[in-house]
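Coordinate analysis (summary)
This is what each chain is made of:
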Amino acid sequence: MRSFLAAVAAAVLLTGCGTALSQPGAGHSGDRPHTAVVVNGSRAEAQAYVRHLMAELSLPAGSEPAHLTSLPQIVRAQAPGAPGWAGASRILIVPGQPLAVLQRISAHAPFNEPVIYSATPVLSSTIVQAPEPGIDAVILDLAVQAHSRTTTLVGAYAFAAWLPYRTAAEHLEPASFRAVTISADQLVPRAHQVTRTFTSAAVIARLAAFLNGRPPAPTAALAGVSCPAPLVSFTLRFTAAGRQAPAVAVSTADCMVDAITVNGRQQPSLWDTAGGLESMARKLLGLA
């Protein structure tokens, strides 16, 4: 997994920090194309989902719930600070050494990817975007610390955000637009703007298909995330082909997401951690 979004899910090591986070759209159904279907989640659905994830834990024989009056700091995973998250956890005493236990549990559901560290205690965190309809993001925390010579204290946590998945308004029908105007606001070597308007149906369709395939970026998952100010930001304005078609504007100025407005109304942002829309805009403007 590629590392990003450390402000949302930090993996804390004994000697430092690291983050293991999946690409947006990973998970049970996140790789499916997104369409105009509106799917709204709820706290109840998110709570049921995280409980299911905790029930999926693959544990060695002899594992049992830990009944401790206090927990080490590293095992006390904290829920995200923003509202809109449901959580579930399991605190266990597991036979085996910490690193072996970590590898065993992380290699199976709900984590499904082994993590390898050279020292413990350790807290490994993973975020998955849009794992299924109605669930926008899930954070999975797995902490291990030696409990005795032969057992390991394990803390497993799941937090799910249930903000709206996609709105129907965000689905762009290429035939509804007669043009797209792309502007690049550059700060170096001097502040200036490059703008071109494209009327090619192929160009409009390609940009619309990219945006229609983006997973949503829930506000809960974005809380507290900050990035350096971009040296160049791109804005795409789709011109409606008729009076009934929407006016759509998309901006790459936000951190790791594309911001979209439809008829002047802000819609849920779309994950674009690899800068795909920026790359397309650069090529069209001849800035690549």
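Here, every reference points to the structure presented above.
One structure accompanies this document, and this report is about it. It should be emphasised that the depicted structure is a prediction, and the values quoted were computed from it without experimental measurement.

Describing the overall build of the protein
From N to C terminus, the protein includes 5 helices and 14 strands. Taken over 288 residues, the protein has a buried fraction of 47%. Long-range contacts, defined as pairs at least 24 residues apart, comprise 70% of the intrachain contacts of the protein with a sequence gap of at least 6. In the form shown here, the protein has an accessible surface area of approximately 13,500 Å², with 54% of it arising from carbon and sulfur atoms.

Here we look at the nonpolar core
Residues Leu57, Leu102, Ile105, Val138, Leu142 and Val154 are the most contacted members of the largest nonpolar core, which totals 27 residues. Elements supplying a minimum of two residues to this core: helix H1 (43-55), strand S4 (85-95), helix H2 (98-106), strand S6 (135-146) and strand S7 (151-161). Core analysis: the second largest hydrophobic core is formed by 26 residues, Val180, Phe234, Ile260 and Val262 among them.

Side note on the sheet that holds S4
As summarised here, the arrangement of the 5 strands in space is S3-S4-S7-S6-S5, forming an open sheet in which the pairing is antiparallel. Each end of this open sheet is capped by a strand with a single partner; those strands are strand S3 (64-65) and strand S5 (122-132). Across the sheet, H1 touches S4, S5, S6 and S7, and the angle it forms with S4 is around 15 degrees. Across the face of the sheet, H2 comes into contact with S4, S5, S6 and S7 while running at roughly 160 degrees to S6.

Side note on the environment of glycine 286
Inspection of the secondary structure puts glycine 286 in the segment after helix H5 (276-285). On the basis of relative accessible area, glycine 286 is assigned to the exposed category, the value being 60%. Separated by 92 residues in sequence, glycine 286 and valine 194 have C-alpha atoms that sit 9.9 Å apart.

So, helix H3 (residues 201-212)
Residues that lie three or four places apart on an α-helix share one face, since the helix turns once every 3.6 residues. With 12 residues, H3 should cover 16 Å at 1.5 Å per step; its first-to-last C-alpha distance of 16 Å lies within 8% of that length. Turning to H3, its buried residues number three or more, namely Val203, Ile204, Leu207, Ala208, Phe210, Leu211 and Asn212. You can read the cap of H3 off the contacts: a side-chain oxygen lies 3.3 Å from the backbone nitrogen of alanine 202, and it is on serine 200.

Things to note about the packing of H3 against H5
Two elements in contact, H3 and H5, have axes whose closest approach is 10 Å; the angle formed by their N-to-C orientations is 165 degrees. In terms of axis orientation, H3 runs roughly antiparallel to H5. As H3 packs across H5, the resulting crossing turns out to be left-handed. Where H3 approaches H5, its residues Val203, Arg206, Leu207, Phe210 and Leu211 are matched on the opposing element by Gly276, Leu277, Met280 and Leu284. For the contact of H3 with H5, the per-class residue count stands at 7 nonpolar, 1 polar and 1 charged.

What counts and how
Residues numbered from 1 in each chain as written. Predicted model: local features only at pLDDT ≥ 70, side-chain atom pairs only at ≥ 80, totals over all residues. Heavy atoms only, no water. Helix = DSSP H or I, 4+ residues; strand = E, 2+ residues; numbered from the N terminus. Buried < 20%, exposed > 50% of the residue type's maximum accessible area, 1.4 Å probe, protein only. Contact = heavy atoms within 4.5 Å. Areas by Shrake-Rupley, 256 points an atom, 1.4 Å probe, with all protein chains shown as cover. Core = buried A, V, L, I, M, F, W, Y, C linked by side-chain atoms within 4.5 Å. Pairing = 2+ DSSP bridges. Axes fitted to C-alpha atoms, helices over the stretch in contact; angles between N-to-C directions. Expected span 1.5 Å × (residues − 1). Polar contact = N/O pair within 3.5 Å; in protein donor to acceptor, adjacent residues only side chain to side chain. Parallel < 35°, antiparallel > 145°, perpendicular 65-115°, else oblique. Left-handed = near helix turned anticlockwise from the far one by under 90°. Nonpolar A, V, L, I, M, F, W, Y, C, P; charged D, E, K, R; others polar.

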